[in-house]
Amino acid sequence: MSLIDTMVIGQTSALQLAALGPGTVFCDYLSYIFMFLSVATSNMVATSLAKKDEELAQHQVSMLLFLALACGIGMFLFTKVFGTQVLTAFTGSGNYELISSANTYAQIRGFAWPAVLVGLVAQSASLGMKDSWGPLKALAAASVINGVGDIFLCSVCGYGIAGAAWATMVSQVVAAFMMMQNLSNKGFRAFSFTIPSVRELLQIFEIAAPVFVTMTSKVAFYALLTYSATSMGAITLAAHQVMINVLCMCTVWGEPLSQTAQSFMPELIYGANQNLTKARMLLKSLVIIGAITGLTLGAVGTLVPWLFPSVFTNDQMVIQQMHRVLAPYFSVLVVTPSIHSLEGTLLAGRDLRYLSQSMGVCFSIGTVLLMFRQLSRHQAAATGFSVPMRPCRSINKSISFHNRRARTE
């Protein structure tokens, strides 16, 4: 959905395209942190069903739906109260135009927080019972609503980034309702919410805490990337917004491998029909499929911004920045699907400590490299061997001036 927003907004305003960077970080990346609810749901439901205990699975779904609703209401309030402050700290107080546009986007999408997290749990419960068609229909409908809404509200009505936010918010609410309805059709009491006891919270915490550390490490690193791009000016940030959204779109194709492992592995590892030989065969198949998928995604995901950048933007300066990162971009796309299959197996086997520790190490190394890169850039700029940051700021001001002039006309 954020990629659709990026494509539509990129055709209308470079400034608003840049503003989608911090805006989507606030909305999308924060939602990734709550993936611990998704993992806990699919893991607990798959394990309970593997042990033929459907009543326990129903109780676990009701508990996690309550937690999702509580977290969603909390995030809605957080967005309303602290949205502007967070975006200002992220982009810098001097980028007023960026902050204003990004905050408009974040505030509108904030209305969907409860629906997003409740829908996330409902989707994971369906996947935990090996039902992928229901979530597929819901997300397909949401994508169509978002795409049509973006084109109508942004291109036809001229609402810009606010129109993109409204289209995405409505599509997320519709998707959540369809997820819940699908869960009801499978015999679960989808609209039943149960407050968990302290013991049950601790049980969920044992699964969720390492996953929370893992997802927080990922989100923090991607947020740091966007923060670094923000400090380089509007042109670099706009290019980053395009490339990071294409990256996310491509890496999503590896998630089914992780979800397959989480849905099928519990039964083979410690279920009623335990079979470690089949578990090893499944893991081998997932890694091979991941390697093939990675090569395909690497080729497609790199060729599109290389040969057809006008799909996202017509600004030649933005396109030049996009082309500078194609080589490392390709390598990331190649290895990611296989990594997803390994992550899913670790989650299914509940080897969560190793997963969180390894991700923490990766985050630390990546952060050090990013800081070193930023330091080298500042030193080069100070000694005159690189273009200083001021021209980027002047470009940003120029974009702001042309946008204000267009609105006046």
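Since we're looking at a predicted model, the values are computed, not measured. (Residues numbered from 1 in each chain as written. Predicted model: local features only at pLDDT ≥ 70, side-chain atom pairs only at ≥ 80, totals over all residues. Heavy atoms only, no water.)

Enquirer: Account for the overall build of the protein, with residues named and values stated.
Expert: Looking only at helices and strands, the protein features 16 helices and 0 strands. In terms of overall dimensions, the protein has a C-alpha envelope of 65 × 40 × 40 Å along the principal axes. Expressed as a percentage of the 409 residues in the protein, the buried residues total 51%. Of all intrachain contacts in the protein linking residues separated by at least 6 positions in sequence, the fraction that spans at least 24 positions is 81%. (Helix = DSSP H or I, 4+ residues; strand = E, 2+ residues; numbered from the N terminus. Buried < 20%, exposed > 50% of the residue type's maximum accessible area, 1.4 Å probe, protein only. Contact = heavy atoms within 4.5 Å.)

Enquirer: Describe unusual backbone geometry, listing the residues and the values that go with them.
Expert: Across the chain, the bulk of peptide bonds are trans and the bulk of non-glycine residues have phi less than zero. Here Lys 130, not a glycine, exhibits a phi torsion of approximately 70°, which is positive. If you trace the backbone, Lys 130 turns up in the loop between α6 (113-128) and α7 (133-156).

Enquirer: Kindly report on the side chain of Glu 200, identifying the contributing residues and their values.
Expert: Inspection of the secondary structure assignment puts Glu 200 in helix α9 (residues 198-231). Although Glu 200 lies buried, it forms no salt bridge, and the closest oppositely charged side chain, Arg 199, sits 4.5 Å away as judged by the N-O distance. (Lys, Arg positive; Asp, Glu negative; His and termini not counted. Salt bridge = Lys/Arg side-chain N within 4 Å of Asp/Glu carboxyl O.)

Enquirer: Residue-level account of α9, with values.
Expert: Its maximal kink placed at Phe 205, α9 deviates by approximately 35°. Gly 233 lies just past α9 and shows a positive phi near 110°. (Bend = angle between axes of the 7 residues up to and from the residue.)

Enquirer: Describe helix α11 (residues 255-270), naming the residues involved and giving the relevant values.
Expert: Under the 1.5 Å per step criterion, the end-to-end length of α11 is 23 Å for 16 residues, consistent within 8% with the ideal 22 Å. Of all the bends in α11, the greatest reaches close to 40° and is centred on Phe 264; the proline Pro 266 follows between one and four positions later. Three or more residues of α11 are buried, namely Leu 257, Ser 258, Gln 259, Ala 261, Gln 262, Ser 263, Met 265, Pro 266 and Leu 268. The inward-facing, buried residues of α11 abut α3 (35-50), α6, α12 (276-307) and α14 (326-348). (Expected span 1.5 Å × (residues − 1).)

Enquirer: Let's hear about the pattern of salt bridges: which residues, and what values?
Expert: This model, assessed by the stated rule, comprises 3 salt bridges. The partner of Asp 28 in a salt bridge is Arg 109, and the shortest N-O contact between them spans 2.7 Å. Taken together, the positions of Asp 28 in helix α2 (residues 14-33) and Arg 109 in helix α5 (residues 96-109) put the pair 81 residues apart, joining distant regions of the chain. Here the two residues Asp 28 and Arg 109 agree in accessibility, since each one is buried. For Lys 218, the salt bridge identified is with Glu 343, shortest N-O distance 3.1 Å. Of this pair, Lys 218 sits in helix α9 while Glu 343 sits in helix α14, placing them 125 residues apart in sequence.

Enquirer: Help me get a handle on the nonpolar core, residues and values and all.
Expert: Ranked by internal contacts, the top residues of the largest apolar core, which has 46 residues, are Ile 9, Tyr 105, Val 246 and Met 322. Look past the residues within four positions of Ile 9 in its chain and what remains in contact with it is Gln 16, Leu 17, Leu 20, Cys 154, Gly 160, Ile 161 and Ala 164. If you look at the next biggest cluster of nonpolar residues, it comprises 36 residues, including Phe 34, Phe 36, Leu 65 and Ile 204. (Core = buried A, V, L, I, M, F, W, Y, C linked by side-chain atoms within 4.5 Å.)

Enquirer: Give a description of the side chain of Ser 258 that names residues and reports values.
Expert: Of note, Ser 258 is situated in helix α11. Beyond its immediate stretch of four places on either side in the chain, Ser 258 contacts His 340, Ser 341 and Gly 344.

Enquirer: Report on the packing of α9 against helix α10 (residues 234-251), specifying residues and quantitative values.
Expert: Their axes nearest at 8 Å, the elements α9 and α10 cross at an angle of 155°. Taken together, the axes of α9 and α10 lie roughly antiparallel to each other. In the packing of α9 onto α10, the handedness of the crossing is right-handed. Along the contact surface, α9 presents Tyr 222, Leu 225, Thr 226, Ala 229 and Thr 230, while α10 presents Thr 236, Leu 237, His 240, Ile 244 and Leu 247. In terms of residue class, the contact of α9 with α10 is built from 6 nonpolar, 4 polar and no charged. (Axes fitted to C-alpha atoms, helices over the stretch in contact; angles between N-to-C directions. Parallel < 35°, antiparallel > 145°, perpendicular 65-115°, else oblique. Left-handed = near helix turned anticlockwise from the far one by under 90°. Nonpolar A, V, L, I, M, F, W, Y, C, P; charged D, E, K, R; others polar.)

Enquirer: Explain the UniProt feature "transmembrane region" (unreviewed entry) in the protein to me, using residue names and the numbers behind them.
Expert: Following the UniProt record, one finds the feature "transmembrane region" (unreviewed entry) at residues 29-49, 61-82, 102-122, 159-180, 286-308 and 354-372. Regarding residues 61-82, the helix share stands at 100% and the strand share at 0%, and the terminal C-alpha atoms are separated by 31 Å. Within the segment residues 286-308, helix and strand shares are 96% and 0% respectively, and the terminal C-alpha atoms sit 31 Å apart. (UniProt positions renumbered as here; feature names shortened; annotations may be inferred.)

Enquirer: Go over the packing of aromatic side chains with me, naming the residues and quoting the values.
Expert: Under the defined criterion, the tally for this structure stands at 7 aromatic pairs. An angle of 10° between the planes, with centres 6.3 Å apart, marks the rings of Phe 26 and Phe 78 as stacked. Here Phe 78 lies in helix α4 (residues 54-91) and Phe 26 lies in helix α2, a separation of 52 residues in the sequence. For Phe 26, a relative accessible area of 4% puts it in the buried group. With centroids separated by 6.3 Å and ring planes inclined at 15°, the aromatic side chains of Phe 111 and Trp 166 adopt a geometry described as stacked. Note that Phe 111 is positioned in the loop between α5 and α6 and Trp 166 in helix α8 (residues 161-185), a separation of 55 residues in sequence. Given the relative accessible area of 39%, Trp 166 is considered partly exposed. Put simply, the rings of Phe 34, Phe 36, Trp 113 and Phe 212 touch in pairs and so form one group of aromatic residues. (Phe/Tyr/Trp six-rings, centres within 6.5 Å; stacked < 30°, edge-to-face > 60°.)

Enquirer: Quick rundown of a nonpolar patch on the surface? Include the residues and the values.
Expert: A cluster of nonpolar residues, Leu 303, Trp 306, Leu 307, Phe 308 and Val 311, forms a patch on the protein surface that exposes about 480 Å² of accessible area. In this structure Trp 306 comes out as partly exposed when scored by relative accessible area, which is 47%. (Patch = residues over 30% accessible without salt bridge, like charges linked within 9 Å, V, L, I, M, F, W, Y side chains within 5 Å. Areas by Shrake-Rupley, 256 points an atom, 1.4 Å probe, with all protein chains shown as cover.)

Enquirer: Outline the state of the cysteines, listing residues and values.
Expert: On inspection of all chains with the given rule, the structure shows 0 disulfides. In this structure Cys 71 is a free cysteine whose sulfur lies 17 Å from that of Cys 27, the closest cysteine sulfur available. The class of Cys 71 is partly exposed, set by a relative accessible area of 25%. For Cys 248, which is in no disulfide, the shortest distance to another cysteine sulfur is to Cys 250 and amounts to 9.5 Å. (Disulfide = S-S within 2.5 Å.)

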